[in-house]
Amino acid sequence: MIKYICFVLFVILASSSLIAQGSKSGASYKITGKIYEKSSDGKISLQAATVAIPDYAVGTVTDKDGLFVLTNIPSGKVKMTVRYLGMVTIEETIDVNKDLDLSYVMQPENFKLVTVTVVAENTNAQQSTASKVSRNAIDHIQATSLQDIMSLLPGGISSNPGLNYVSVSLHT
């Protein structure tokens, strides 16, 4: 009987120890922070930026002051992303082992074209209009008939292919 009582006490103590350890490793934390935008005046709070931890499907949007709060984040290394239209996306791996307070400065995305090349060709056909269809354009549409090539000309009529007639293929 005493062996039985000692065994029960041992099982209760061991299970309470395991529960305590499980709650430590299963701890969750809060990540707060602020998102800024780089400007000529320094940095300004960025409203409506998306802050997310995709692995846990947790995310939020910054308020009018650029503040965000993510709650119930499990401990460990997680990948956090900050996105805003027109800004370079920030991706960072952070180690969550306590409540964190972070801040990020987003850089504008550069959508400018580096160079633009315009090419004009003059034809000798003075009395009429001429159109030139390049071999690359024909290859691109994978032309199988003269109708396909004619659809490349300005004002050319294009129609949907049908299965009720035979189209003549071009052979090169």
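These figures come from a predicted structure and were not determined experimentally.

The rules behind the values
Residues numbered from 1 in each chain as written. Predicted model: local features only at pLDDT ≥ 70, side-chain atom pairs only at ≥ 80, totals over all residues. Heavy atoms only, no water. Helix = DSSP H or I, 4+ residues; strand = E, 2+ residues; numbered from the N terminus. Buried < 20%, exposed > 50% of the residue type's maximum accessible area, 1.4 Å probe, protein only. Contact = heavy atoms within 4.5 Å. Areas by Shrake-Rupley, 256 points an atom, 1.4 Å probe, with all protein chains shown as cover. Core = buried A, V, L, I, M, F, W, Y, C linked by side-chain atoms within 4.5 Å. Pairing = 2+ DSSP bridges. Axes fitted to C-alpha atoms, helices over the stretch in contact; angles between N-to-C directions. Phe/Tyr/Trp six-rings, centres within 6.5 Å; stacked < 30°, edge-to-face > 60°. Lys NZ or Arg CZ within 6 Å of the ring centre and 35° of its normal. pLDDT = per-residue confidence, 0-100.

## Topic: the overall build of the chain
Here is step 1: When helices and strands are counted, the chain shows three helices and eight strands.
Here is step 2: Split into buried and exposed, the 172 residues of the chain put 19% on the buried side.
Here is step 3: In the chain, the share of contacts with a sequence separation of at least 24, taken over all contacts with a separation of at least 6, comes to 44%.
Here is step 4: Summed over all atoms, the accessible surface of the chain reaches about 13500 Å², with 56% contributed by carbon and sulfur.

## Examining the nonpolar core
Here is step 1: Residues Ile31, Ile35, Leu70, Met80, Ile94, Val96 and Tyr104 are the most contacted members of the largest nonpolar core, which totals 22 residues.
Here is step 2: Among the secondary structure elements, those contributing two or more residues to this core are β1 (28–39), β3 (50–53), β5 (67–74), β6 (76–83), β7 (90–96) and β8 (100–106).
Here is step 3: Among the elements that make up this core, the one with the highest residue count is β8 (four residues).
Here is step 4: Not counting residues up to four positions away in its chain, the partners in contact with Tyr104 are Lys34, Ile35, Tyr36, Met80, Val82, Ile90, Glu92 and Ile94.

## Re the sheet that holds β3
Paired through backbone hydrogen bonds, the strands of a sheet run either parallel or antiparallel to each other.
Here is step 1: Here four strands make up an open sheet; going across it, the order is β4-β3-β6-β7 and the pairing antiparallel. Both outer strands of the open sheet, β4 (58–61) and β7, are each paired with one neighbouring strand and no more. For this sheet, the mean inter-axis angle between neighbouring strands, taken without regard to orientation, is 20°.

## What to know about the packing of aromatic side chains
Here is step 1: Tallied over the entire structure, the rule returns zero aromatic pairs.
Here is step 2: In this structure, Lys43 packs its charged tip against the face of Tyr36, placed 4.4 Å from the ring centre.

## Some points on the confidence of the model for the chain
In low-pLDDT regions, the fine details of the predicted coordinates are not to be read closely.
Here is step 1: The predicted model of the chain has a mean per-residue pLDDT of 77, with 67% of residues at 70 or higher.
Here is step 2: Segment residues 14–24: pLDDT under 50, and zero contacts once partners within four positions in sequence are set aside and those in other chains are kept.

## Focus: the pairing of β6
Here is step 1: Here three bridges tie β3 to β6, and the two strands are oriented antiparallel to one another. Bridged to Val51 within β6 is Val82.
Here is step 2: Of the strand pairs in this sheet, β6 and β7 are connected by seven bridges, and their pairing is antiparallel. Directly across from Gly76, in β7, lies its bridge partner Val96.

## Some words on the side chain of Thr81
Here is step 1: Within the secondary structure layout, Thr81 lies in strand β6.
Here is step 2: Filtering out sequence-adjacent residues up to four positions away, Thr81 remains in contact with Thr50, Val51, Ala52, Pro54, Ile90 and Glu91.

## Brief notes about the environment of Leu46
Here is step 1: Looking at where Leu46 falls in the secondary structure, it is placed in the loop between β2 (42–45) and β3.
Here is step 2: Exposure remark for Leu46: the relative accessible area of 4% places this residue in the buried category.
Here is step 3: Each C-alpha atom of the pair Leu46 and Gly66 lies 4.7 Å from the other, and the pair is 20 residues apart in sequence.
Here is step 4: For Leu46, the contacting residues outside a window of four places in its chain are Ile35, Tyr36, Glu37, Thr62, Asp63, Gly66, Tyr84 and Met106.

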